[in-house]
Every structure is written in C-alpha cells, then in structure tokens.
Amino acid sequence: KQEVTQIPAALSVPEGENLVLNCSFTDSAIYNLQWFRQDPGKGLTSLLLIQSSQREQTSGRLNASLDKSSGRSTLYIAASQPGDSATYLCAVCSNDYKLSFGAGTTVTVRA
Amino acid sequence: DAGITQSPRHKVTETGTPVTLRCHQTENHRYMYWYRQDPGHGLRLIHYSYGVKDTDKGEVSDGYSVSRSKTEDFLLTLESATSSQTSVYFCAIRTGTTNTEAFFGQGTRLTVV
C-alpha cells in the first residue's frame, strides 16, 4: 500500500520568504506525482504534475522536483505572498491507477 | 475544472437512510474516483472506476457502493448512512492512463444526524 507523508504539517512565514514543502512516498513504482492547493471549504486545484520520467516541473513561482528512487518530491514557492496561504497536498498515482494523498501542509504567509 | 459536477453540494440525512451522491463529467474520461476528506485523515479513497461497469475498492469502502452505467456518471451510495459517514466527499477524474492529471469536483458536504 502506498503511504504518502508531508512534512511539515504547518508552516508560517513572512511575506517574501521562499517556501519549501516536502512529500515522501513509500513505493517508487509510480506513474506521476501531482501537487494541489486547497483553500478552506473549497475543492482541490491542480498546481503541477510531474511525470515519472521527469525530475522537475515549473509553473511561474512554483517549482516541483521529483526523486522517484528515493521516494521524494519537493514543492518550492518563490517570494511567497499572502495569497499563497492555503493547504498544499501531494498526490501519487501508483501503477494500479490509484491516487494516494498526503495529509497536507497548511501554509500561512504573514503580510 | 474538467467539467466535473457533483450533486448535491450539501445534504443532511438521518441515520439509517440510503443516500446517493452523483458525479457527472462532460469529457468522457475513463478514470473516476470518490474520496472522503476528514480532519486528521486527509483524503481517503473510497472507490474508483476505470470504465463503464469497471469499479474497484479503495481503502475505506465499507458501507459504500458505487455504480457506473455510463461513462459520464459515477454514483456513490451509502447503503445505510451512519454518523461516521459525515464528511466532505470529493469526486475526481483522471484524463488518461499514466502521465495525466487528476481534477476534482467542488465536493459534497454530507451530514448524517
């Protein structure tokens, strides 16, 4: 069974600081890894998808890396803004097509 | 949003009654999923489908059943609702097999009293 862990569970930073969110998974036989954002009381918004053959993916201020052999992914958010405050979720698509989620990292960016 | 609609968005029901939640997609994607989200547990997979009439269990399937008679609809049924099934339910689709994204619906908040 795929286990996904996200560290830290919560993070509070001043505006402008870079954010580093970590995700680890136990089974390296994955198709892809996806990062999501969730605002309170809302659904999940896809941020980045990293395919199993890729090492990183970038979108604007967001950069995600993937080290499949060690079972790790890191999401970097540059120059954080108060609008980045949300819960960030990591999801792994295993080769049985199931999506397994971590518990999330709740980020607060202080103005 | 990949054309995903969940209905109803909110529901209050009594213990012991059956409840059906609907997930509808407009783009004929093959893979559909039902999750529940609870504080302290994150998102947990209930059931998923990889085609019409093809479904499989997730990690928390007890007390739930699903049906997919058409590509566009994936139904989740709570056979006899219990208070422990009070949760927010999310439907998701994946746009292909391996290297494709998942998209989520807006969720259904279910309260069992």
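For the structure itself, consult the block above.
Read on for a plain summary of the structure. (Residues numbered from 1 in each chain as written. Chains lettered and ligands numbered in written order. Predicted model: local features only at pLDDT ≥ 70, side-chain atom pairs only at ≥ 80, totals over all residues. Heavy atoms only, no water.)

**Observations regarding the sheet that holds strand β3 (residues 19–25) of chain B**
Residues and elements named next belong to chain B. Put simply, the test is: In short, DSSP must find at least two bridges between two strands for them to pair. By the criteria applied, helices consist of DSSP H or I runs no shorter than four residues and strands consist of E runs no shorter than two, each listed in order from the N terminus. Axes, fitted as lines to C-alpha atoms, cover a helix only where it is in contact. Angles between the N-to-C directions of the axes lie from 0 to 180 degrees.
Strand order across the open sheet formed by four strands is β1-β3-β8-β7, with antiparallel pairing between neighbours. Two strands lie at the open edges of the sheet, namely β1 (4–7) and β7 (64–70), each paired on one side alone. Pairs of neighbouring strands in the sheet enclose a mean axial angle of 20°, with direction left out of account. Sheet analysis places β1 next to β3, joined by four bridges and oriented antiparallel. Across the sheet, the residue bridging to Q6 is C23, located in β3.

**Digging into the sheet that holds strand β1 (residues 4–7) of chain A**
Through backbone hydrogen bonds, the strands of a sheet pair up, either in parallel or in antiparallel fashion. Residue and element names in this part refer to chain A. Spatially, β1-β3-β8-β7-β6 is the arrangement adopted by the five strands of the open sheet, whose pairing is antiparallel. The sheet is open, and its two borders are formed by β1 and β6 (56–59), each paired with just one other strand. Strand-to-strand twist across the sheet, computed as the mean angle between neighbouring axes with direction ignored, equals 15°. Of the strand pairs in this sheet, β6 and strand β7 (residues 62–67) are connected by four bridges, and their pairing is antiparallel.

**Regarding the state of the cysteines**
To keep things clear, this is the line we draw: When two cysteine sulfur atoms lie within 2.5 Å, the pair is treated as a disulfide. Relative accessibility thresholds used throughout: buried, under 20% of the residue-type maximum; exposed, over 50%; partly exposed, between the two (1.4 Å probe, protein chains only).
Inspection of every chain in the model, using the stated rule, returns two disulfides over all chains. Paired through a disulfide, C23 of chain A and C90 of chain A show a sulfur-sulfur distance of 2.0 Å. Torsion about the S-S bond of the C23 of chain A and C90 of chain A cystine: about -55°, corresponding to left-handed handedness. With C23 of chain A in strand β3 (residues 19–25) and C90 of chain A in strand β9 (residues 86–94), this residue pair connects regions lying 67 residues apart in the sequence. With a relative accessible area of 3%, C23 of chain A lands in the buried category. Note that C23 of chain B is cross-linked by a disulfide to C91 of chain B, the S-S spacing being 1.8 Å. The sign of the -70° torsion about the S-S bond sets the C23 of chain B-C91 of chain B disulfide as left-handed. In this pair, C23 of chain B sits in strand β3 while C91 of chain B sits in strand β9 (residues 87–94), placing the two residues 68 residues apart along the sequence.

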